[in-house]
Amino acid sequence: MHVIDSHTGGEPTRVILDGGPDLGNGPLADRAQKLARQHQAFYRSIMCEPRGQEAMVGALLVEPVDPECVTGVIYFDAHAVLGMCGHGTIGLTVTLAHLGRIDPGRHKIETPAGVVGVTLSDPNTVTVTNIESRRTRASVELDVRVNGADHVRGDVAYGGNWFYLIDPSPIAVEPDNLSQLSASARAVRAALQARGITGDGGAPIDHIIFYGPAQDDGVHGRNFVLCPDDAYDRSPCGTGCSARLACLAADGRLAPGAEIVQESIIGSTYRLSYQSGRNGGVIPSITGKAYVMAESRLIFDPHDPFRDGICL
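The structure reproduced in this document is the subject of the present report. Along each chain, the written sequence defines residue order, and numbers are assigned to residues from 1. Whole-chain, interface and lining totals are the exception, using all residues; otherwise, since this is a predicted model, local features are given only for residues with pLDDT of at least 70 and side-chain atom pairs are given and counted only at 80 or more. Excluded from the side-chain calculation are hydrogens and water; included are all heavy atoms of the structure.

Moving on, we come to the state of the cysteines. Throughout, a disulfide means two cysteine sulfur atoms within 2.5 Å of one another. Using the criterion set out here, one finds one disulfide in the structure. The disulfide partner of C48 is C311, and the S-S distance across this bridge is 1.5 Å. When the S-S torsion is 115°, as for the bridge of C48 with C311, the disulfide is right-handed. Here C48, found in the loop between α2 (40-47) and β3 (57-62), pairs with C311, found in the segment after β16 (282-297); they are 263 residues apart in sequence, far enough to count as distant. Residue C48 is classed as buried on the basis of its relative accessible area of 6%. Assessed through its relative accessible area of 25%, C311 is described here as partly exposed. As a non-bridged cysteine, C241 has C237 as the owner of its nearest cysteine sulfur, 6.5 Å distant. Runs of E in the DSSP output that reach at least two residues are strands. Runs of H or I that reach at least four are helices, and both are numbered from the N terminus. Buried residues are those whose accessible area, probed at 1.4 Å on protein chains only, stays under 20% of the maximum for their type, while exposed residues exceed 50% and partly exposed ones sit between those limits.

Have a look at this one:
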């Protein structure tokens, strides 16, 4: 299996160029569901140790339905198939350029969440124009104990994946607090499930974000993002930033076209802005940098006792 690894703001992406399962040629959303239901062993073997690493996201290249798109892609981590992935799209775009498949300029990529635009400015810098993002519920209170408080309050929003966004965080968003932030985010996600709070159509809210103040001038804020596989996002999270923009717009805290900088828990940044969407949401713009790290072939020896990965 031919793969190329990159990282976007420290968050790894593994692009699978060949060797994936036959998912047919229907809509990408249907093919993503087929991958999730019938081929879990495939994507877990790629993402989990010993081949994969914590926080890695896979990007399986597939034929697009839309002929204007340079490729179709289905994203996944060790736990779930994803609707969209912002850092993964930046990494994929840089990977396609590395392979000579695209030149600098504007391109389209088809995902299960919809067609997204990408602009490759230089070999490492990409701007993603995401699908329309929206807030669906504001100021949802949960009975969950976090850092001495009995309740948390946050917004439910969609940016290609479903998020519960807590601002301000009851825990300082600092690297020294990673364990506490992770445990608290898992408790919040469990509380959402217990209350039956979901995204549209019963979609699980599987990403949790805590927001804290920035430490540097010119940065809007710092975030901690817990992903479905319980790893924290090293990047500021592209789909999470899209959900954030939808919330800021809904509250009148950011005007269309105004740019802010969002920082991750490790200090990597994205530049963000939005335009108004056609259906009451926002069209996010996310600019970040990715770097290719490795090109290799994965081997699946039938005698290897950990051929299917170690996913504990």
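A separate point is the environment of A190. Within the element layout of this structure, A190 appears in helix α4 (residues 178-195). Of the residues examined, A190 reaches a relative accessible area of 39% and is grouped as partly exposed. Distance from A190 to S6, taken between C-alpha atoms, is 32 Å for residues 184 residues apart in sequence.

In this section: helix α1 (residues 28-38). Of all the positions in α1, only L28, R31, A32 and L35 are classed as buried. Along α1, the residues classed as buried sweep out an arc of 105° about the axis, all on the same side. Exposed and facing more than 90 degrees away from the buried side of α1 are R37 and Q38. This arc corresponds to the set of directions leading from the helix axis out to the C-beta atoms.

In short, geometric facts, not functional conclusions.
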